[in-house]
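Structure at a glance
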Amino acid sequence: MSIAHLLKGHEKDLGGGFVVRRYLPAAVKQAVGPFIFFDHFGPVDVPADADHDVRPHPHIGLSTVTYLFEGAMEHRDSLGTLQRIEPGAINLMTAGRGIVHSERTPKDLVGVPHRTHGLQLWCALPKAHEEDEPSFAHTPAEAIPEMVVDGARVRVLIGSAFGQQSPVKAFSHTLYLDVSLKAGQQLGLTGLPPEAALYPVSGSVEIDGAPVPQHTMALLDTSASQRVTADTDAQFVIIGGDALDGHRFLFWNFVSSRKERLLQAADDWEAQRFDKVPGETEFIPLPKKPAA
């Protein structure tokens, strides 16, 4: 079997009616390669009076990977970064020992009906990098390698594939592809990393004849090559990489190989010891702490 497991995911309201579909972490699989968190939001028509802003909140032990298909958001963080995020770009925020950021509607879209659609992923950092200094890297859409392979449009967001290498820095062997196929087209997948998954963003596909409906994540058996066939016009992403170097503990926006580190981060946020985001006065309070 080319498909080891199918994940259905679940819906989660992040506030203000902003609903995401979450696939990782899952009961059967905590992470796929370094990807320990996978949210898909939209496509949705955002009304003029919507408030989908995400107030300042902290992270440790991970890199956030933001990728939009439609819409725009404004990223601010405690390093002083101010970055407009638009479709096709990769925005990698490495929390390391700790960072705070907000994600807000750009001023030109406030009070204006618009569309939003994208993916928010987290990569757990290798143990050796969990306490690195925080950083933010913006890679514009035009810098992402894009090619046509057997009729398929492939963008190499992170890692390397089909002879192309993404300029986005990764802390371990990581793969993130954005692929578009017309109905009836096929794409062969070979040389995938040890752990990999395929997720249809739109449309539906088959992997070696096994159906993968929209809003379902297929965990792949990477010991053999796969052939993906589009039942309809389809767009999907492939994620993967080397397995994590051990289990990760998660609480709220914190990821660590040490449970006590999560408790320390929670205490630090509750006491407001994290660096502040310039220009921000709001913040998201700490939810109930995990048991020690």
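Above this text is the structure in question.
A short tour of the structure in this document, coming up. (Residues numbered from 1 in each chain as written. Predicted model: local features only at pLDDT ≥ 70, side-chain atom pairs only at ≥ 80, totals over all residues. Heavy atoms only, no water.)

**Observations concerning the overall build of the chain**
Keep this limit in mind: Secondary structure follows DSSP: runs of H or I at least 4 residues long count as helices, runs of E at least 2 residues long count as strands, and numbering of each begins at the N terminus. Radius of gyration here is computed from C-alpha atoms only, and the compact-globule reference equals 2.2 Å multiplied by the residue count raised to the power 0.38. Exposure categories follow from relative accessible area, calculated using a 1.4 Å probe and restricted to protein chains: below 20% of the type maximum is buried, above 50% is exposed, and the middle band is partly exposed. By definition, residues are in contact when any of their heavy atoms lie within 4.5 Å. Computed with the Shrake-Rupley method and a 1.4 Å probe, the accessible areas treat only the protein chains shown as cover for residues. The sign given to each residue is positive for Lys and Arg and negative for Asp and Glu; His and the chain ends receive no count. By convention, the charge on Lys lies at NZ, on Arg at CZ, on Asp at CG and on Glu at CD.
Helix and strand counts for the chain stand at 1 helix and 26 strands. What you see for the chain is a C-alpha radius of gyration of 19 Å, in line with the 19 Å of a compact globule of 292 residues. Principal-axis analysis of the C-alpha atoms places the extent of the chain at approximately 55 × 45 × 30 Å. Taken over 292 residues, the chain has a buried fraction of 53%. Partitioning the intrachain contacts of the chain with sequence separation of at least 6 by distance along the chain shows that 70% fall at a separation of at least 24. Approximately 12,500 Å² of the chain is accessible, and the part contributed by carbon and sulfur atoms is 51%. Counting 26 positive and 36 negative side-chain charges, the chain places the averaged centre of each group 5 Å from the other.

**Quick notes on empty space enclosed by the protein**
Here is the rule we go by: Of the grid points, spaced at 1 Å and generated over the protein atoms alone, those admitting a 1.4 Å probe that cannot get out make up cavities, while open sets with protein on both sides within 12 Å along at least five of seven lines make up pockets; any residue with an atom within 4 Å of a point is treated as lining. Grid points are joined across faces, edges and corners, and a volume is the space filled by probe spheres set on the points. Polar here means any residue outside two lists: the nonpolar Ala, Val, Leu, Ile, Met, Phe, Trp, Tyr, Cys and Pro, and the charged Asp, Glu, Lys and Arg; Gly therefore counts as polar.
A complete count under the given rule lists 2 cavities of 30 Å³ or more for this structure. In this model, the largest cavity occupies a volume close to 100 Å³. Lining the largest cavity are 14 residues, and of these Ser-63, Cys-123, Ala-170, Phe-171 and Thr-174 lie nearest its centre. At the level of elements, strand 6 (62–70) and strand 11 (114–124) are the ones that each hand at least two residues to the lining of the largest cavity. Of the residues contributing to the lining of the largest cavity, the split by class is 10 nonpolar, 3 polar and 1 charged. The set of elements that each furnish at least two residues to the lining of the second largest cavity consists of strand 6, strand 9 (90–94) and strand 10 (99–104).

**Some words on the pattern of salt bridges**
Which entries qualify depends on this criterion: By definition here, a salt bridge exists when the distance from a side-chain nitrogen of Lys or Arg to a carboxyl oxygen of Asp or Glu is within 4 Å.
All told, the structure shown has 19 salt bridges when counted by the stated rule. Residues Arg-104 and Glu-282 are paired through a salt bridge, measuring 2.8 Å at the closest nitrogen-oxygen approach. A residue pair is termed long-range when its members are at least 10 positions apart, and Arg-104 in strand 10 and Glu-282 in the segment after helix 1 (259–270) qualify at 178 residues. Residue classification places Arg-104 among the buried residues on the basis of a relative accessible area of 16%.

**Remarks on the layout of surface pockets**
Rolled over the atoms, a probe sized like a water molecule indicates the empty space that remains. Of the voids in this model, the second largest pocket is the one considered here, and its volume is about 220 Å³. Lining the second largest pocket we find 17 residues, and of these Ser-160, Ala-161, Leu-175, Thr-190 and Gly-191 sit closest to its centre. Contributions of two or more residues to the lining of the second largest pocket are made by strand 15 (160–161), strand 17 (174–181) and strand 18 (186–189). At 3 residues, the largest contribution of residues to the lining of the second largest pocket is made by strand 17.

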